[in-house]
Amino acid sequence: MFFYGSDSDDDCMLAPQRRQLRDKSDPLSLNKNQFRQCFRVSREAFKNILETTEFPQTSKSSAIPSTLKLAATLNLLASGSYQTNVGASFLLGMAQPTVSTIFSELISLLEETLCEKWIGLNTQSFNETKKHYFDKFKIPGVVGCIDGTHIPILRPTKDEHMYFNRKGFHSINAMIITDHNYRILAINPRFGGAAHDSFVWDMSAEREFFEENFRNEESRLLGDSGYCLAPWLLTPYRNAIANYGSGEEKFNSIHSTARCSIERGIGVLKSRWRCLSSDRKLRYSPKKITAIINFQFQYPCHVHVQCPQKLKESRPTLLPYIH
């Protein structure tokens, strides 16, 4: 009875201690390097998110400040750690259930608030990208590159076969389109890992956008051999290595060099947000993981672009594809 009573007393003291830690905590007081290491964004970007996001208001005296809510969410995404470890941080002082509630609340809020603001295909910015690819690689009309990346997840309890990919693990196959400056123009994380890259592209609204835009301005993308060749999507020649020195082999070499920008961009993003990397697995439902990917792949971005109305209407589909 003595030992049980001691454990109970210790548990009762945790809430006041966490309350005191939260009241005294100020993540913005960290220096520049420590702040970026903890939250993977600059202090200016952190403040910008706070200013542009309308956090729910509450009259409770024990309510957690929006600054700490955002800090806990970003720290969890940046580290790929467990909610218990994030809440136990000396900066936050939160219990695991509190971190879970805050994370679910903020991910949905940030996706709704920031996705339409920072992700989009804007034809007005295409001229700069076209000039870059033509001057450097002599390929006309290129406005970006496309590729798919697998985001590892735990085995889902429902429709497990939709998420088991060809590499032997469960994932979400996210389609990414970037320009030469690693600016993300579009993302489509609606499909499970079993879906092929070309299937995701064919079922996306971005394909319709480029097909229609090609007729007006001849804008095209660069993609690997996993995609089908089209006037608005250039892919490398097949079996061109056998003809060394031929025009096809030279084109493939230039094409591969020009397309490296999206490979580097995805690598930088997965290094910044460790929960997306292959050595971490997101322990959430596919629907919540889709919201996580939408937020992480879109902020902070380099420029402000607006989504066309067609893409806005087709974007919110979150369910995996059905055979």
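Just above, that's the structure.
What you see is a predicted model, and the numbers here were worked out from it, not measured in a lab. (Residues numbered from 1 in each chain as written. Predicted model: local features only at pLDDT ≥ 70, side-chain atom pairs only at ≥ 80, totals over all residues. Heavy atoms only, no water.)

Here's the deal with unusual backbone geometry
Glycine aside, a negative phi is what most residues show, and trans is what most peptide bonds show. Rules: Under the scheme used here, helices are H or I runs from DSSP no shorter than 4 residues and strands are E runs no shorter than 2 residues, and both carry numbers assigned from the N terminus. Relative accessible area decides the class of each residue, using a 1.4 Å probe on protein chains only: under 20% of the type maximum gives buried, over 50% gives exposed, and in between gives partly exposed.
One non-glycine residue, Lys138, lies in positive phi territory at about 65°. Along the chain, Lys138 falls in the loop between helix H7 (126–137) and strand S1 (142–152). Given a relative accessible area of 58%, Lys138 falls into the exposed group. One non-glycine residue, Asp159, adopts positive backbone phi at about 55°. Position of Asp159 among the secondary structure elements: in the loop between S1 and strand S2 (171–178). Look at Asp159 and you get partly exposed, because its relative accessible area is 32%.

Things to note about the pattern of salt bridges
The criterion, for reference: Salt bridge, as used here: a side-chain nitrogen of Lys or Arg that lies within 4 Å of a carboxyl oxygen of Asp or Glu.
A complete count under the given rule lists eight salt bridges for this structure. The partner of Lys69 in a salt bridge is Glu105, with the nearest N and O atoms 3.7 Å apart. Of the two residues, Lys69 sits in helix H4 (residues 66–79) while Glu105 sits in helix H6 (residues 96–118), which places them 36 residues apart along the sequence. The class of Lys69 is buried, set by a relative accessible area of 13%. Where Arg207 meets Asp202, a salt bridge forms, and the shortest distance between an N and an O atom there is 3.6 Å.

Comments concerning the side chain of His150
Stated formally: Here a polar contact means two N or O atoms within 3.5 Å. Within protein one must be a hydrogen donor candidate and the other an acceptor candidate, and residues neighboring in sequence count only if both atoms are side-chain atoms. We call two residues in contact when some of their heavy atoms are within 4.5 Å.
Position of His150 among the secondary structure elements: in strand S1. A polar contact is formed between the side chain of His150 and the side chain of Asn165, at a distance of 3.5 Å. A polar contact of 2.9 Å, which involves the side chain of His150, links it to the side chain of Ser171. Ignoring anything within four residues of it in the chain, the contact list for His150 reads Asn165, Lys167, Phe169, Ser171, Ile172, Asn173, Gly193 and Lys270.

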